[in-house]
Amino acid sequence: MKKFTKTEIEKTIKKLSNWTYHDNAIHATFKFNNFKDTFFVMEQIALIAEKMNHHPNWSNVYNVLKISLTTHDAGGLTNKDFELAAMINGVVKKTLIKNYTII
């Protein structure tokens, strides 16, 4: 697993809506209509993360989900982080396109 350079990170993050880069990780915050919708999306992400064996750092308070991704084994960002971020974006858009706000 190759750790991305800063140039690679800056180039790749441009392809991901909703995500920012800082503190050696990529981050996104999503706000849903209610806890049920938030938890449903978290469940879908958990299934994908488990299959990829790449798990997000996340927190949830009621209808807000904050996610950070980094590859701890590589000491920074790798392709796994950007792949999972793209899949997370897909889950959010596909599942609740009318029910979420990006913060």
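Scroll up for the structure.
Quick summary incoming for the structure in this document. (Residues numbered from 1 in each chain as written. Predicted model: local features only at pLDDT ≥ 70, side-chain atom pairs only at ≥ 80, totals over all residues. Heavy atoms only, no water.)

Focus on a nonpolar patch on the surface
So, step 1. A cluster of nonpolar side chains, namely Phe35, Phe39, Val61 and Tyr62, defines an oily patch on the protein surface of about 440 Å² accessible area.
So, step 2. Positionally, Phe39 belongs in helix H2 (residues 35–52). (Patch = residues over 30% accessible without salt bridge, like charges linked within 9 Å, V, L, I, M, F, W, Y side chains within 5 Å. Areas by Shrake-Rupley, 256 points an atom, 1.4 Å probe, with all protein chains shown as cover. Salt bridge = Lys/Arg side-chain N within 4 Å of Asp/Glu carboxyl O. Helix = DSSP H or I, 4+ residues; strand = E, 2+ residues; numbered from the N terminus.)

Let's talk about the pattern of salt bridges
So, step 1. Under the counting rule described, the total for this entry stands at one salt bridge.
So, step 2. Glu8 is the partner of Lys2 in a salt bridge, and the nearest nitrogen-oxygen pair spans 2.8 Å.
So, step 3. Judged by its relative accessible area of 29%, Glu8 falls in the partly exposed class. (Buried < 20%, exposed > 50% of the residue type's maximum accessible area, 1.4 Å probe, protein only.)

Quick word on the nonpolar core
Looking at soluble globular proteins, one finds that nonpolar side chains tend to be buried together.
So, step 1. In this structure, Trp19, Ile26, Ile67, Leu69, Phe82 and Ile88 are the most contacted members of the largest nonpolar core, which totals 23 residues.
So, step 2. Secondary structure elements with two or more residues in this core: helix H1 (6–13), strand S2 (25–32), H2, strand S4 (64–69) and helix H3 (79–96).
So, step 3. The contacts of Ile26, once residues within four sequence positions are left out, are Ile13, Leu16, Trp19, Thr20, Tyr21, Ile67, Ser68, Leu69, Leu77, Asp81, Phe82 and Ala85. (Core = buried A, V, L, I, M, F, W, Y, C linked by side-chain atoms within 4.5 Å. Contact = heavy atoms within 4.5 Å.)

Things to note about the pairing of S4
So, step 1. Extensive coverage of S4 is indicated by the burial of five of its six residues.
So, step 2. Bridge count between S2 and S4: six bridges; the pairing is antiparallel. Looking at the pairing, Lys31 lines up with Val64 of S4.
So, step 3. Where strand S3 (residues 57–61) meets S4, five bridges bridge the pair, whose relative direction is antiparallel. Bridge pairing in S4 links Ser59 to Lys66.
So, step 4. Between the antiparallel neighbours S3 and S4 lie two residues, among them Tyr62 with a positive phi of about 50°. (Pairing = 2+ DSSP bridges.)

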